[in-house]
Amino acid sequence: MSQEKPLILIANDDSIHSKGIRVLTEIMSEIGEVVVVAPDSHQSGMGHAITMGTPIRVTKTETFGPNIQSYKCSGTPADCVKFGKHYILKGRKIDLMVSGINHGSNASISVLYSGTMSAAIEAAMEGIPAIGFSLCDYANDADFSHCHDLIIKIAQQVLEHGLHEGLTLNVNFPAKSEAPIQGIRVARQAKAVYREFFEERKDPYGQPYFWMDGFLHNEDLNNGTDLDWLTENYATVVPVKYDLTDYQALEEMKHWDFTI
């Protein structure tokens, strides 16, 4: 008797129309039954936002062909996961949730801003093993071909071993180059920060508006972090938990005097 295929939910933040989610859907279809619920428009940088106070509109599509159950959603990446679990797949056990493949890095501190990772973290909050995949290439027509085998390997490892409660994986791939990816490294996220600046501009009516730009400043060089390994042409896997409690500080602060 053949073993039933795992049920895999897919979302992203670059929208259902992106090349990255099309590639990820094709890859996941090799190992499981795939259902896609993804934003109908670009949702990068939305973090873990959810839609409140306005309706969420969901439309069934054939974006990935007639054999893939897929839906476009007016909400955020986190909304897509909630809707996928509690409406589309209500009553069914989801074996794996994957998000991406994001066009652009989500290494280091970017994990906090990322809609891609927030979709995966939302799944982890729902008790679903989850992985966020990102490629360090922002181009709309980015080449994902070198990621195929590594995505299969990582997904199969999660399906085989599972993940601890509340844990998700933040996976980043270096951009395609002449040299093959050297391998996969499990690492911690680098201590890096964004340095922003705001450019003031004028609209056609002479009213000011601001355009934010900036760059990622890595303060954590040569310490075996995700950013270090990516520069060495390795794919990186960072285990991420949504519990933000600092347990060392928690113990220390029990001795503070909060008497009122």
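Residues numbered from 1 in each chain as written. Predicted model: local features only at pLDDT ≥ 70, side-chain atom pairs only at ≥ 80, totals over all residues. Heavy atoms only, no water.

## Details of the UniProt feature "domain: Survival protein SurE-like phosphatase/nucleotidase" (unreviewed entry) in the chain
No. 1: Those residues carrying the UniProt feature "domain: Survival protein SurE-like phosphatase/nucleotidase" (unreviewed entry) are residues 8-195 in this numbering.
No. 2: This span, residues 8-195, is 25% helix and 26% strand, and a straight line between its end C-alpha atoms measures 37 Å. (UniProt positions renumbered as here; feature names shortened; annotations may be inferred. Helix = DSSP H or I, 4+ residues; strand = E, 2+ residues; numbered from the N terminus.)

## Details of the UniProt feature "binding site: a divalent metal cation" (unreviewed entry) in the chain
No. 1: What UniProt calls "binding site: a divalent metal cation" (unreviewed entry) maps, in this numbering, to Asp13, Asp14, Ser44 and Asn102. In summary, the annotated positions, though distributed over 90 residues, converge in three dimensions, the widest C-alpha pair being only 9.0 Å.
No. 2: Position of aspartate 14 among the secondary structure elements: in the loop between strand S1 (7-11) and helix H1 (19-28).
No. 3: Setting aside residues up to four positions removed in sequence, aspartate 14 forms contacts with His42, Ser44, Ile101, Asn102 and His103.
No. 4: One polar contact links aspartate 14 to histidine 42, side chain to side chain, over a distance of 3.2 Å.
No. 5: The residue serine 44 is located in the loop between strand S2 (33-39) and strand S3 (58-61) in this model.
No. 6: Dropping the residues within four chain positions of it, serine 44 is found in contact with Asp13 and Asp14. (Contact = heavy atoms within 4.5 Å. Polar contact = N/O pair within 3.5 Å; in protein donor to acceptor, adjacent residues only side chain to side chain.)

## Examining the environment of serine 41
No. 1: Relative to the helices and strands, serine 41 resides in the loop between S2 and S3.
No. 2: Sequence spacing of serine 41 and histidine 17 is 24 residues, and the spatial spacing of their C-alpha atoms is 8.0 Å.
No. 3: Beyond its immediate chain neighbours, meaning those up to four positions away, serine 41 contacts Asp13 and Ser15.
No. 4: Among the polar contacts made by the side chain of serine 41, one reaches the side chain of aspartate 40 at a distance of 3.5 Å.

## A look at the pattern of salt bridges
Pairs may arise between side chains of opposite charge once their charged atoms sit close together.
No. 1: Inspection of the entire model under this criterion finds 7 salt bridges.
No. 2: Between aspartate 220 and arginine 188 there is a salt bridge whose closest N-O contact spans 2.6 Å. One end of the pair, aspartate 220, is in the loop between strand S10 (208-218) and helix H5 (226-231); the other, arginine 188, is in the loop between strand S8 (184-186) and strand S9 (192-202), with 32 residues separating them in the sequence.
No. 3: Classification of aspartate 220 by relative accessible area gives buried; the value is 5%.
No. 4: On the basis of relative accessible area, arginine 188 is assigned to the partly exposed category, the value being 37%.
No. 5: Arginine 195 serves as the salt-bridge partner of glutamate 219, at 3.0 Å between the closest nitrogen and oxygen. Placement of glutamate 219 in the loop between S10 and H5 and of arginine 195 in strand S9 is noted, with a sequence separation of 24 residues between them. (Salt bridge = Lys/Arg side-chain N within 4 Å of Asp/Glu carboxyl O. Buried < 20%, exposed > 50% of the residue type's maximum accessible area, 1.4 Å probe, protein only.)

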